[in-house]
Amino acid sequence: MSIVEEFVKNYYVERRNTNSLKWDALEERFGDENLLALWVADMEFKTPECIREDLNKRIEHGVFGYTKLPESYYDAYKKWHKNRYDYEVNKDWIRFAPGIVQAILWVIHAYTKENEAIIIMPPVYYPFANSIRNSKRKLVESPLVEKDGTFKIDFEKFENEIANNDVKLYIHCSPHNPVGRVWTLEEQKRVFEICEKHNVLVLSDEIHQDFTYDKNKQISALSLENGKYNSRLIVANSGSKTFNLASLVHATLLIPDSKIREQFDKYSKKNLGAEPSLLGQIALEAGYREGDNWLNGLKETVIFNYNLLHDTLAQKVPEIIVYPLEGTYLAFVNIEKVLNGKTTKQFIQDECGLAIDFGHWFGEGYNNYIRINLATSPDNMKEAVSRIVENCK
């Protein structure tokens, strides 16, 4: 039995009729309860045994009152990041939020004022833009450039937009969702040099850090040139993607600079910031301590599904572009050449019966793109690909 077959056998679970947003909100979100769900970024896989065992122990204890984090939590967190990303986390840097979106909102409100400018690089995770607009800040965009079958940063435009709009904050997506890029050292150095030159604070969303493939290596903003840019940096990460823990509402903000931390704490005190989630911290500690093998099996499954999608479409419908998957478990796909006058919704949803994330959610000009969640069973992926191929005939 292959690694993928064993992983799917041990962990795949039916999620319909479990109050799953991904599956049981299809009528509400898409108007059709019978779609094959390949949208929002969570999985059809049970979290590792080590996490479930530790959660069960706490549930048996029966008390879920106010709590403090044990040193073992910090030890596991620090060891995971040192071993995988080669940087030392100082316990004093750590602050908590219920999730990455909440963390983004808090950073926007703590470090910028109404009408001040914040820059992003679309197509990018849509809560970035929504959070900026809803906070009455000025949204500035420096779109990625599609070149040589992948997406690249337009450094000249990025700097010009910062200078022309007096940008105060840049929200960095690393790895980048939805285009699947893992930024190189050289790319990130250029971005951070520009931000330093123009005194721009950086919030680096690294929630997909644990999903990189082949020779692509995640380089945290915290490790760039031995922490050279830490005086203008906040990093947000979470185990919610890594171990499928989104509903346990536990995310981390790493703030290495004492003055930036002080400003965050001042905002948090005034606005009632969150305590860490008890079950969330138990789950994350267990995953960081013992979840490596499970994560390896999951990543093998994601790559298997990506290759199935990419290779089948390359052979049977070469007009569809499936962009390289360097990071995340989400495939970005350009279906423009097979639409033949139809809208993306008409083709993908109405004809193929698939629920996906539509490209225009991530930025203007991406109406003919889709994002497909690969963290599912190969059977689901085969069915999805088969539907796309059949409806292209």
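Coordinates for the structure precede this section.
Remember, it's a predicted structure, so these values are computed and weren't measured experimentally. (Residues numbered from 1 in each chain as written. Predicted model: local features only at pLDDT ≥ 70, side-chain atom pairs only at ≥ 80, totals over all residues. Heavy atoms only, no water.)

S.K.: Would you mind showing me how to read the overall build of the chain here?
M.R.: Within the chain, the secondary structure is distributed over 14 helices and 15 strands. For 393 residues, the compact-globule estimate of 2.2 N^0.38 gives 21 Å, and the C-alpha radius of gyration of the chain, at 21 Å, lies within 12% of that figure. Dimensions of the chain, computed from the C-alpha atoms along their principal axes, are close to 60 × 60 × 40 Å. Nonlocal contacts in the chain, meaning residues at least 24 apart in sequence, comprise 73% of its contacts between residues at least 6 apart. Accessible surface computed for the chain: about 17,800 Å², of which carbon and sulfur atoms make up 44%. (Helix = DSSP H or I, 4+ residues; strand = E, 2+ residues; numbered from the N terminus. Rg over C-alpha atoms; globule rule 2.2 N^0.38 Å. Contact = heavy atoms within 4.5 Å. Areas by Shrake-Rupley, 256 points an atom, 1.4 Å probe, with all protein chains shown as cover.)

S.K.: Sorry, what's going on with the sheet that holds strand β3 (residues 117-120) here?
M.R.: Two modes of strand pairing occur in sheets, parallel and antiparallel, and in both the strands are linked by backbone hydrogen bonds. Taken in spatial order, the seven strands make up an open sheet running β2-β10-β9-β8-β7-β3-β4, and their pairing is mixed. Looking along the sheet, the strands with just one partner apiece sit at the ends: β2 (94-97) and β4 (138-141). The average undirected angle you get between the axes of adjacent strands in this sheet is 25 degrees. Bridge analysis of β3 against β4 gives four bridges, and the strand direction is parallel. Counterpart to I119 in the pairing with β4 is V140. Contacts between helix α6 (residues 100-111) and the sheet are confined to β2, β3, β7 (167-173), β8 (201-205), β9 (233-238) and β10 (251-254), with β9 contributing the most and set at about 165 degrees to the helix. (Pairing = 2+ DSSP bridges. Axes fitted to C-alpha atoms, helices over the stretch in contact; angles between N-to-C directions.)

S.K.: Sorry, what's going on with the sheet that holds strand β11 (residues 321-322) here?
M.R.: With antiparallel pairing, four strands are arranged side by side in an open sheet as β11-β12-β15-β14. The open sheet has two edge strands with one neighbour each: β11 and β14 (357-358). Of the pairings in the sheet, the one linking β11 to strand β12 (residues 330-334) comprises two bridges and is antiparallel in character. From the neighbouring strand, I321 faces β12, where its bridge partner is N334.

S.K.: Please explain the pattern of salt bridges as it appears in this structure.
M.R.: It is possible for side chains bearing opposite charge to pair when their charged atoms get close. The final tally for this structure, using the stated rule, is 22 salt bridges. Between E290 and R289 there is a salt bridge, and its shortest N-O distance comes to 3.1 Å. One salt bridge in this structure joins D350 and K345, with 3.1 Å as the shortest N-O distance. Using a relative accessible area of 47% as the deciding quantity, one classes D350 as partly exposed. Through salt bridges with shared partners, one network takes in R15, K22, D42 and E44. (Salt bridge = Lys/Arg side-chain N within 4 Å of Asp/Glu carboxyl O. Buried < 20%, exposed > 50% of the residue type's maximum accessible area, 1.4 Å probe, protein only.)

S.K.: Which parts of the structure should I look at to understand the side chain of S174?
M.R.: Note that S174 resides in the loop between β7 and α9 (185-197). For S174, the contacting residues outside a window of four places in its chain are W183, Q188, S204, D205, E206, Q218 and I219.

S.K.: What is the right way to read the pairing of β10 from this model?
M.R.: Two faces make up the sheet, and in a regular strand the side chains alternate between them. Side chains of β10 alternate between two faces, with A251 and L253 and T252 and L254 buried alike. In terms of strand pairing, β2 meets β10 through four bridges, oriented antiparallel. Of the residues in β10, the one forming a bridge with F96 is T252. Judged from the four bridges that link them, β9 and β10 form a sheet pairing that is antiparallel. Across the sheet, residue N237 finds its bridge partner in β10, namely T252.

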